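Geometric and topological summary
Below are the chains, spelled out letter by letter.
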Amino acid sequence: MLAPLPSSPRATLPVLFFPLPHPLPHFRPHPRPASCHAPVPAPQPASRVPARSSAMPGPGRAQVSVFPSGPELGASLAALVWQEAGRGSGPGGRFSLGLSGGSLVQLLSRELPRTPQPCSHWLLAYCDERRVPFEDPESTHGQYRAQLLSKIPIPEKQVLTINPSLPVEEAASDYSKKLKEEFPGQEIPVFDLLILGMGPDGHTASLFPDHPLLQETQKIVAAISDSPKPPPERITMTLPVLNAAHTVVFVAVGESKASIVKRILETEEENPLPAARVRPEHGKLFWFLDEAAAKELTGPVEKHSVL
Ligand SMILES: O=C1O[C@H](COP(=O)(O)O)[C@@H](O)[C@H](O)[C@H]1O
């Protein structure tokens, strides 16, 4: 249903306001080979309000979806993950998923298990990881293990983790080797879906503003030992991997992200922030925001109400 938003600051913009059905009508993944898990559905209609971000010159497009709050966003994200999981592009329909840490852990762990589906064909990796023992509350794998993997049955050997007992450079090489083994013949692993968070400074994964790692073009995984956000030692996928994925979804929730979301999506900068450098070469880019994180945006977005 087309409707202006009466009291919204975006009331003059061409904003759509409709409940989000399943499967997501605006979500048009790349054509994939048929898998043994699910047939490839017929092409879906074009997005009714494609958002073109000014931070994405050339062919790059970001589709921005705004939800009233975290729970609605989380439920929609879960729907998207299950939908994509049925379209895995790997051998035998394998679905490769890269997850970030931070606030995303809780969001996904709450919503994904609500609609459980088979995940024996999943390969799960982490977009970045802190080099701390898995028992440390800062460990991304440790958090997912406790909150999500205990609830959805991904086979343990299909969850790629760093080895936190190795020195940080070695841990990065070891993780890189594990990734390469899972994507034989691909110089740069092409993930079906990467879900990225973004810090209030514009960092994503463990790629921080003005850090030399932003220039990395050779390695698929890199070590960082001077992370401005603790803990200092981390392992991160590099921009070439983030930009090779079939689909990338950024998730940002809360007012603390509002000004940086505005900067990334609606400002062209000479030295773009890390999150603004994620522009999948052949893939799709989505931003899932709650109202608070989207409040400074003035460009077109898709608005979704409660599921
Ligand atoms: O340190 C990290 O921060 C980002 C953003 O976290 P959030 O709590 O602000 O959502 C996260 O995406 C990344 O994986 C993590 O290591």
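Residues numbered from 1 in each chain as written. Predicted model: local features only at pLDDT ≥ 70, side-chain atom pairs only at ≥ 80, totals over all residues. Heavy atoms only, no water.

Just so we agree on the cut-off: UniProt positions are given in the numbering used here, feature names are shortened, and annotations may be inferred rather than shown by experiment.
The chain has the name 6-phosphogluconolactonase in an unreviewed UniProt entry, where Pleurodeles waltl is given as its organism. Per its UniProt entry, the chain bears the Function (unreviewed entry) comment "Hydrolysis of 6-phosphogluconolactone to 6-phosphogluconate." For the chain, the Catalytic activity (unreviewed entry) comment in UniProt is given as "6-phospho-D-glucono-1,5-lactone + H2O = 6-phospho-D-gluconate + H(+)".

Observations regarding the sheet that holds strand β7 (residues 221–224)
Either a parallel or an antiparallel arrangement is found when strands of a sheet pair, and the pairing is made through backbone hydrogen bonds. For clarity, the cut-off: In this analysis, strands are considered paired if DSSP registers two or more bridges between them. By the criteria applied, helices consist of DSSP H or I runs no shorter than four residues and strands consist of E runs no shorter than two, each listed in order from the N terminus. Helix axes are fitted only over the stretch in contact, all axes being lines through C-alpha atoms; the angle between N-to-C directions runs from 0 to 180 degrees.
Reading across from one edge, β5-β8-β7 is the order of the three strands in this open sheet, with antiparallel pairing throughout. Here the strands that pair on one side only, and so sit at the sheet edges, are β5 (128–130) and β7. Taken over all neighbouring pairs, the strand axes of this sheet differ in orientation by 15° on average, direction set aside. One ladder, built from four bridges, connects β7 with strand β8 (residues 234–237); its direction is antiparallel.

As for the packing of aromatic side chains
Put simply, the rule is: Any two rings among Phe, Tyr and Trp, with Trp reduced to its six-membered ring, count as a pair given centres within 6.5 Å; such a pair is stacked if its planes are under 30 degrees apart, edge-to-face if over 60, and tilted if neither. Categorising residues by exposure relies on relative accessible area from a 1.4 Å probe, with only protein chains included: less than 20% of the type maximum marks a residue as buried, more than 50% marks it as exposed, and the intermediate range marks it as partly exposed. Whether a charge lies above a ring is judged from NZ of Lys or CZ of Arg, which has to be within 6 Å of the ring centre and within 35 degrees of the ring normal.
Evaluation of the coordinates by the stated rule reveals six aromatic pairs. Plain terms: the ring middles of Tyr126 and Tyr144 are 5.7 Å apart, the flat faces sit at 20° to each other, and that makes the pair stacked. With Tyr126 in strand β4 (residues 122–126) and Tyr144 in helix α3 (residues 140–149), this residue pair connects regions lying 18 residues apart in the sequence. When its relative accessible area of 2% is taken as the criterion, Tyr126 is described as buried. Residue Tyr144 is classed as buried on the basis of its relative accessible area, which comes to 0%. Look at Phe183 and Phe191: their rings are 4.9 Å apart centre to centre, the planes differ by 50°, and that puts the pair in the tilted class. What makes Phe183 buried here is its relative accessible area of 3%. The exposure class assigned to Phe191 is buried, which follows from its relative accessible area of 0%. Sitting above the plane of the Phe183 ring, Arg94 keeps its charged end 4.7 Å from the centroid.

Brief notes about the environment of Gly98
Rules: Any pair of residues with heavy atoms lying within 4.5 Å of one another is described as a contacting pair.
Along the polypeptide, Gly98 turns up in strand β3 (residues 95–99). In this structure, the C-alpha to C-alpha distance between Gly98 and Glu138, residues 40 residues apart in sequence, is 18 Å. Setting aside anything within four residues of it in sequence, one finds Gly98 in contact with Ala125, Cys127, Phe191, Leu193, Leu194 and Ile195.

Some words on the site of the ligand
Where we set the bar: Each residue is tested against the molecule or strand, and it is near if at least one of its non-hydrogen atoms lies within 4 Å. N or O atoms closer than or at 3.5 Å make up a polar contact, with two conditions inside protein: a donor-capable atom paired with an acceptor-capable one, and, for residues adjacent in sequence, both atoms drawn from side chains. For the area figures, the Shrake-Rupley method with a 1.4 Å probe applies, and any residue is considered shielded solely by the protein chains shown.
Residues in contact with the ligand amount to 14 residues; listed here are only the nearest, Gly101, Ser103, Asp128, Lys229 and Lys257. Between the ligand and the protein, one listed contact pairs an oxygen atom with a side-chain N or O atom of Ser103 at 2.5 Å. Side-chain polar atom of His203 to an oxygen atom of the ligand: 2.9 Å apart, as the coordinates give it. Protein burial of the ligand: of its 390 Å² of free accessible surface, 92% is covered by the chains.

Here's the deal with the pairing of strand β9 (residues 247–252)
The following threshold applies: Seen with its strands pointing away from the viewer, a crossover is right-handed when the path leading from the first strand over the helix to the second is clockwise.
With six of its six residues buried, β9 lies for the most part within the structure. Of the two faces of β9, the one holding Thr247, Val249 and Val251 and the one holding Val248, Phe250 and Ala252 are both buried throughout. Bridging between strand β6 (residues 193–196) and β9 involves four bridges; their strand directions are parallel. Along β9, the bridge assignment pairs Ile195 with Val249. Sheet topology places β9 next to strand β10 (residues 284–290); six bridges connect them, and they run parallel. When the bridges of β10 are listed, Val249 appears paired with Phe286. The parallel pair β9 and β10 is bridged by helix α6 (residues 258–266), and the resulting crossover is right-handed.

Some words on the pairing of β3
Counted residue by residue, β3 has five buried out of five residues, so it is predominantly covered. Of the two faces of β3, the one carrying Phe95, Leu97 and Leu99 and the one carrying Ser96 and Gly98 are both buried. Of the strand pairs in this sheet, β3 and β4 are connected by five bridges, and their pairing is parallel. Looking at the pairing, Phe95 lines up with Trp122 of β4. In this region the chain leaves β3, passes through helix α2 (residues 104–111) and returns to the parallel neighbour β4; the handedness of that crossover is right-handed.

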